[in-house]
Structure formats: C-alpha cells, structure tokens
Number of protein chains: 2
Amino acid sequence: MGETPGSTRAGGLTYADSGVSIEAGDEAVRRIQQHIRRTQGPRVIDNPGGFAGLFRLDFNEQLFRRNYRDPVLVACTDGVGTKVLLAIEMGVHDTVGVDLVAMSVNDLIVQGAEPLLFLDYIGIYRVDPALVERLVAGVARGCEIAGCALVGGETAEMPDVYKPGDYDLAGFAVGVVELSRAMDTARVEPGDVVLGLESDGVHSNGYTLVRKIVATRKLKLGQIYPELDAERTLGEVLLTPTRIYCQPVVRAQRAYKVKKVVSGMAHITGGGIAGNLVRSLHPGVDAVIDWDAWETPAVFRFLAERGGVEEAEMRRVFNMGIGYCLIVRPTFAEAIKRRLARMGERVHVIGKIAKGKGRVTDKKRGR
Amino acid sequence: MGETPGSTRAGGLTYADSGVSIEAGDEAVRRIQQHIRRTQGPRVIDNPGGFAGLFRLDFNEQLFRRNYRDPVLVACTDGVGTKVLLAIEMGVHDTVGVDLVAMSVNDLIVQGAEPLLFLDYIGIYRVDPALVERLVAGVARGCEIAGCALVGGETAEMPDVYKPGDYDLAGFAVGVVELSRAMDTARVEPGDVVLGLESDGVHSNGYTLVRKIVATRKLKLGQIYPELDAERTLGEVLLTPTRIYCQPVVRAQRAYKVKKVVSGMAHITGGGIAGNLVRSLHPGVDAVIDWDAWETPAVFRFLAERGGVEEAEMRRVFNMGIGYCLIVRPTFAEAIKRRLARMGERVHVIGKIAKGKGRVTDKKRGR
C-alpha cells in the first residue's frame with residue numbers, strides 16, 4: 001500500500017486505540033453461528049459474509065403461491081425496555097433474548113400473520129463474546145418457540161453511549177398474512193367472546209415501575225418471598241421470560257380456513273388489558289371484562305402491596321395475568337378454548353363483546 | 001373497578017412517578033405521523049392504533065406475481081454507531097435518521113434486492129417530542145430517498161440506560177429480490193470491471209476513531225478548517241449524511257432484465273473498500289484496486305494528518321471516498337457508468353477482477 005504524509009508519525013491513532021475491538025467482534029460472530037443455525041429451516045438462503053438475511057417466500061413447490069393470493073408483509077419492532085437492567089443487575093443474560101422475540105412476534109400475530117423471520121440489534125458497552133453469545137442464544141431460543149428464522153443481527157460496540165456492562169436490545173420481526181384474512185376491527189360483533197391466555201408473569205412491560213418498587217421498598221432480588229414464590233427468588237420471578245403465543249394462536253386459526261372464527265386479537269403490553277384490547281374494537285362495540293374470571297397472579301399482588309400501587313394503576317401498567325386475548329365467535333369459543341388448552345395454553349373466558357362505543361369496560365358485580 | 005389491599009395506601013407509586021411520561025410519548029407519536037405518511041405509497045395498509053406495519057406485496061394487478069416467480073425476502077439491520085454522539089454533541093438531529101436508513105438499505109441492495117419497507121427503533125433517555133420528531137423526520141427523508149415505506153417504529157424511554165440527552169438508533173429494512181437475480185459470488189469473472197461510486201464523506205463508520213482524533217488533537221467541531229472545507233465547519237463536514245445508493249443501483253440493474261451485467265456489489269462500511277469488496281468475491285478471483293483512480297477526499301486527508309493515522313489503517317476503517325462498488329461485465333462497464341452518472345452518481349473505474357485467491361489487492365505502480 002502507498003504511504004501518505006503522517007502515516008509514520010509517532011503517536012498516530014489506530015482504530016484499536018480508539019477502543020473498538022475487531023477481534024472480540026469476530027469471536028462473538030463465531031460463537032453465535034450455532035445458535036442462529038438452529039432457527040433456520042430450508043427457506044433461509046445461506047449468505048456467508050453477507051450483511052443481509054435472505055428468506056425464500058416461495059420455498060417448496062409454490063406452497064406460498066398456493067396459500068397466498070394477495071400476501072401482506074407484517075413488520076414489527078420492539079425492545080424489552082428496562083427489563084434489560086434487571087437482567088444486567090442479576091447477571092442473567094440468557095432469557096432477555098426470548099423477551100425480545102416475544103415482544104415483536106406477539107404483536108405480529110395480532111394482525112393474523114404468521115412470523116417468518118427475525119433480526120436483532122444489540123447496542124453494548126463492550127463486545128464481550130460470551131455475553132453476546134448468551135444474549136443471541138436467548139434470541140435464537142425465542143425464534144425456535146415462535147417458529148421463525150433468525151436471519152441476521154447487529155452488535156454495535158459503543159463505549160461512549162452505554163455504561164460498563166450495559167446494553168440495549170431491539171428486535172425486528174417480519175411475517176405474512178393473506179390480505180383477506182388480516183385482522184380487521186370491523187369483524188368484531190356483539191356477542192363475541194373474549195378469551196384470555198394466561199401470561200407467564202410481568203412479561204416485558206412496566207419494569208421501570210417494578211425497579212422503582214424494588215429500590216424504594218428495599219426489596220432484595222436474591223431473596224425468596226414466600227407470598228410470591230416458594231422456591232424462586234424475587235429476581236428470578238421478575239426475569240421469567242415473556243410467553244410467546246405464536247404457535248398456538250397461528251395453529252388455532254389455521255384449523256378454521258374458511259370460517260373466520262377469530263374476529264380480533266390483542267397482545268397485552270404497556271397499557272394493560274384495556275389499553276391493548278381497545279385497539280381491536282371498532283366504535284360500535286365495547287369489550288366487557290369480568291376481572292373475576294381469573295386469579296390475579298401472586299407477582300402482581302406482591303408488587304401492588306409492596307409498592308402501594310392502586311389497582312387502577314396496576315391494570316394500566318401490567319397484564320395482570322392475561323398476556324394475549326382472542327375475540328372469537330360465541331359458537332366456536334369452547335372449541336377454540338379446548339384447542340388452545342391442548343397446545344399448553346391456560347385459557348379463560350374473560351369477557352364478551354356488547355354494543356357500545358369502542359371502549360373496554362368492567363363487568364358490574366353483585367346485582 | 002375493584003379495590004384491592006394497598007390501592008389507597010399513602011405514598012403508593014404510579015408509572016408516572018417512576019419517570020416514564022406517557023403524554024410525551026403520545027405527543028411524539030402525533031408529531032411523527034406527517035413524516036411517516038410522506039413515505040407511504042398505496043402498498044401500505046392503514047393500521048391505526050396497531051403495533052405492526054402492513055405492506056401489500058402484490059398491489060396493483062398482480063404486478064408482484066408477474067415480476068417475482070420465486071421471491072426472496074432480504075432483511076438487514078444496522079445502527080449508525082457513535083455518529084449519534086457527534087449529532088448529540090452538535091445538537092443536530094435531522095440527518096442521523098438518513099444515516100440510519102442508508103446503513104441498512106445500502107446493505108440490502110448489495111443482494112440485488114429492492115427495498116420495500118423500513119422500521120426504526122429509538123432508545124432514548126427521555127422522550128422529548130421535538131427531538132423524536134427530528135430524528136424520525138430524518139428517517140422518513142432517508143426512506144423517501146431510498147424509495148421505501150416507513151411502516152413502523154418504536155421509541156423506548158429508558159432514563160436508566162441512556163445518559164441525559166443521549167439516544168441510540170437501530171434500523172431495519174426489508175426488500176425483495178427474484179431468486180435467480182439474487183447476487184451470487186460465483187458470477188464474478190476475471191476481466192470484470194470494478195466501478196466505484198463516490199461517497200459523501202465519512203458516512204457512518206469509524207466515528208469512534210474520528211471522535212478520538214477530534215478529542216486528542218483538540219479540534220473544534222464549530223471551526224472552519226480551510227484545508228478541509230472553505231464554508232462548512234468540521235462538525236458539519238463530519239455530520240454529512242451517508243449517501244443512499246438505492247435508486248441508481250436498482251434502476252441500473254432494471255435496465256438489463258435478461259442479461260446479468262452486474263456480477264457483484266459492495267457497500268463500503270467498516271473494513272473499508274478491501275474489507276467489504278472481498279465479501280463479493282469467490283475463492284478463484286481477486287479484485288485489483290487502483291487507488292490512484294480517484295482522489296481521496298479532503299476529509300480523509302485531514303483526519304489522517306491531524307490524527308497521525310497510517311494510510312493502511314485509514315483504508316481499513318474508512319471508505320476513502322468510495323461508498324459503493326459494482327462489479328460489472330467489461331462490455332457494459334462504460335454504459336452502466338454513464339447510466340449511473342446520469343442519475344447523479346460520480347463513478348470511477350477503480351479496479352478489475354483477475355484470477356486469484358478471493359482477495360482484494362492493490363494495483364502495482366511505476367513499472
């Protein structure tokens with residue numbers, strides 16, 4: 001290579017001097033290959049050295065073309081919020097990747113779509129290959145549960161943005177739905193039944209409040225609180241990964257190809273049951289929720305009591321035990337409920353659709 | 001709503017107490033609507049209140065089906081690295097969104113794909129609606145230049161992860177390519193010509209080194225250095241957005257539907273020309289680069305001199321004036337060069353393909 005003025009100057013800077021380690025990045029890439037590969041079926045095209053993930057829509061004898069006359073791509077992005085800080089504090093990095101996948105793919109299936117592929121972005125203080133491997137292993141595990149391929153990702157080392165040991169995660173999911181089967185609020189009718197699928201705890205929303213309660217009430221993440229859980233520490237309970245509803249929800253709908261038995265769905269995230277279910281309603285109907293139809297899990301009772309958080313605020317912030325809702329035709333409600341239960345879901349009839357004004361209301365009691 | 005123990009307890013916490021402002025988030029969402037809408041053509045399906053972007057593949061009389069017999073989705077993710085810190089330091093937030101789009105879509109077209117849709121993730125200390133609007137306006141501008149739809153995004157307020165005023169950005173792009181037209185390193189042949197498209201400066205790689213040079217050499221971002229630029233300050237020069245090559249590159253290939261005149265491409269990012277061009281080669285060919293074929297832009301000469309950075313290191317870290325490469329058949333090289341020039345690109349013949357070992361080498365001089 002040629003020489004230019006300054007190239008031999010004493011005290012010259014190199015990229016390594018500036019704090020970015022290319023070797024650590026390469027090692028991280030090597031380590032995560034095995035995890036990525038677990039998620040990739042025959043529709044993923046090998047692209048060694050490339051910066052893009054390639055995914056064949058129409059693999060396997062024009063199956064795609066037979067199933068999709070008018071395919072609509074559905075794309076979602078989300079992070080896991082400050083749940084990452086809990087993971088960092090506890091030094092447990094294996095499961096936030098599952099949360100990351102869950103947050104995007106659960107949003108995606110709400111549109112009636114099936115997830116196809118996923119990518120992750122990790123912004124991090126310093127590329128520690130073992131840490132990055134654990135994060136991506138979690139992402140890959142989430143993709144396996146969701147049934148989508150992890151086709152790419154980016155790990156950005158930014159020591160001036162993140163604090164030592166810190167990182168942030170962003171996830172991105174793409175799915176496909178046939179246009180005529182895409183969810184449409186117009187489909188929801190009075191008489192429809194609201195099925196609630198149980199959550200696996202706090203999932204990935206409300207952690208700024210959770211962490212505030214832990215800090216101000218001087219709770220110990222490493223301690224077992226018997227009223228919360230007999231065997232797991234508070235930290236372990238709080239880090240439980242977000243439940244991924246893709247396989248049961250997609251399969252339950254596939255069972256009814258012609259009849260549209262599901263009229264709306266909701267992934268319960270920030271805003272709680274009411275704040276999310278309302279998005280699936282049109283202005284002519286209300287969803288009336290029976291809050292006694294399921295038992296509020298111990299973790300929410302614990303947080304409310306220890307934090308002195310009002311019930312209304314709890315319901316605005318947390319899923320309160322219901323992570324995903326399906327609005328279904330009444331004649332099929334029992335069959336769908338049984339079908340979902342066979343696939344491992346704990347399902348409750350938590351409400352019904354009535355004539356209304358596009359609101360989520362509470363069932364009146366004691367009359 | 002029902003009451004539970006603790007709901008009226010004095011000193012109870014709410015989500016607002018914990019530092020997350022839902023109102024600011026809502027205002028940010030309102031402000032960015034106009035920018036998002038500018039990017040959305042008729043293929044985007046309105047999804048008010050939804051968390052997912054919907055994009056019709058087959059809009060307009062089965063055009064998609066006619067053009068794609070075996071469609072392959074191409075997906076990329078990237079951030080803009082520590083260029084965000086430069087933007088934050090200068091208080092100029094309008095253009096890093098363009099960089100964000102550029103980093104992903106330029107990777108995507110390397111596969112032969114045309115970009116369809118984009119999503120952004122903003123992790124931020126505090127949701128300042130005006131700041132978020134400026135960031136998303138830049139993303140929308142980038143999407144307009146790239147010709148893709150901004151179908152969604154996420155702004156995550158995380159005061160415990162980011163420092164006051166700080167943010168990080170991640171971008172996700174999805175495109176489509178017909179399987180038989182997807183780039184394949186096997187296509188590259190000895191005799192092919194390497195065309196280099198000029199960059200618009202440093203683009204979005206190497207900013208950790210750039211900032212180190214600025215800091216250790218006590219350079220002033222607000223100062224004009226005549227040897228660098230007669231009118232723009234150092235900071236303005238360094239913040240110049242990454243050039244987006246989508247429209248010219250996609251159109252140049254469309255002009256040759258049957259003949260495959262482009263045998264490989266490379267987006268020049270971290271690793272420089274050699275580190276990126278090498279990914280488009282198979283083990284039987286070398287790319288021989290003539291480093292005298294174009295003039296190194298002033299910004300790279302300035303950084304090398306002020307920082308005392310060796311030429312070899314400069315070439316490993318920076319694009320050195322060439323932001324995108326096309327490897328083309330020799331008989332079409334002049335025609336493609338002219339076609340790209342008509343679309344506003346400054347194009348140089350910067351090398352050629354020879355029998356070799358899958359390496360990028362330098363043309364020998366003076367013999």
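Residues numbered from 1 in each chain as written. Chains lettered and ligands numbered in written order. Predicted model: local features only at pLDDT ≥ 70, side-chain atom pairs only at ≥ 80, totals over all residues. Heavy atoms only, no water.

Section: the pattern of salt bridges
When their charged atoms lie close together, side chains carrying opposite charge are able to pair.
Reasoning step 1: Going through the model one piece at a time under the given rule, you end up with 49 salt bridges over all chains.
Reasoning step 2: A salt bridge links Glu295 of chain A to Arg301 of chain A; the shortest N-O distance between them is 3.8 Å.
Reasoning step 3: The class for Glu295 of chain A is exposed, based on a relative accessible area of 64%.
Reasoning step 4: Overall, Arg301 of chain A belongs to the partly exposed group, its relative accessible area being 38%.
Reasoning step 5: Residues Glu133 of chain B and Arg31 of chain B are paired through a salt bridge, measuring 2.8 Å at the closest nitrogen-oxygen approach. One end of the pair, Glu133 of chain B, is in helix 5 (residues 129–146); the other, Arg31 of chain B, is in helix 1 (residues 22–38), and 102 residues separate them in sequence. (Salt bridge = Lys/Arg side-chain N within 4 Å of Asp/Glu carboxyl O. Buried < 20%, exposed > 50% of the residue type's maximum accessible area, 1.4 Å probe, protein only. Helix = DSSP H or I, 4+ residues; strand = E, 2+ residues; numbered from the N terminus.)

A look at the side chain of Thr233 of chain B
Reasoning step 1: Tracing the sequence through the fold places Thr233 of chain B in the loop between helix 6 (207–216) and helix 7 (234–239).
Reasoning step 2: What Thr233 of chain B contacts, discounting residues up to four positions off in sequence, is Leu221, Gly222, Gln223 and Ile224 of chain B. (Contact = heavy atoms within 4.5 Å.)

A word on the relation of the copies chain B and chain A
Reasoning step 1: For these two chains of identical sequence, chain B goes onto chain A by a turn of 180° and a shift of 0.0 Å along the axis, with RMSD 0.0 Å. One copy is carried onto the other by what is essentially a two-fold rotation axis.
Reasoning step 2: A shared binding surface is used by both copies, with 100% of the interface residues of chain B retained as interface residues in chain A. (Least-squares fit on C-alpha atoms with pLDDT ≥ 70 in both.)

Considerations on helix 12 (residues 330–342) of chain A
All names here are of chain A.
Reasoning step 1: Over its 13 residues, helix 12 extends 19 Å from the first C-alpha to the last, a length consistent with the 18 Å expected when each residue adds 1.5 Å.
Reasoning step 2: Taken together, the buried positions of helix 12 are Ala333, Ile336 and Leu340.
Reasoning step 3: Where helix 12 is buried, its residues meet strand 7 (193–198), helix 8 (246–254), strand 10 (322–328) and strand 11 (347–355).
Reasoning step 4: Just past helix 12, the residue Gly344 takes up positive phi, approximately 100°. (Expected span 1.5 Å × (residues − 1).)

Quick notes on the interface of chain B and chain A
Reasoning step 1: Contacts between chain B and chain A engage 93 residues on the former and 94 residues on the latter.
Reasoning step 2: Where chain B abuts chain A, roughly 7800 Å² becomes buried across the two surfaces, and 59% of that area is made up of carbon and sulfur atoms.
Reasoning step 3: For the pair chain B and chain A, the interface holds 4 salt bridges.
Reasoning step 4: Of the charged contacts, one joins Arg56 of chain B and Asp70 of chain A as a salt bridge, the two residues approaching to 2.3 Å between their closest N and O atoms.
Reasoning step 5: Connecting chain B to chain A are 17 residue pairs in polar contact (both at pLDDT 80 or more).
Reasoning step 6: Take the side of chain B that touches chain A: its biggest share by element is 9 residues, from strand 3 (residues 71–79) of chain B. (Buried area = accessible area lost by both parts, 1.4 Å probe. Polar contact = N/O pair within 3.5 Å; in protein donor to acceptor, adjacent residues only side chain to side chain.)

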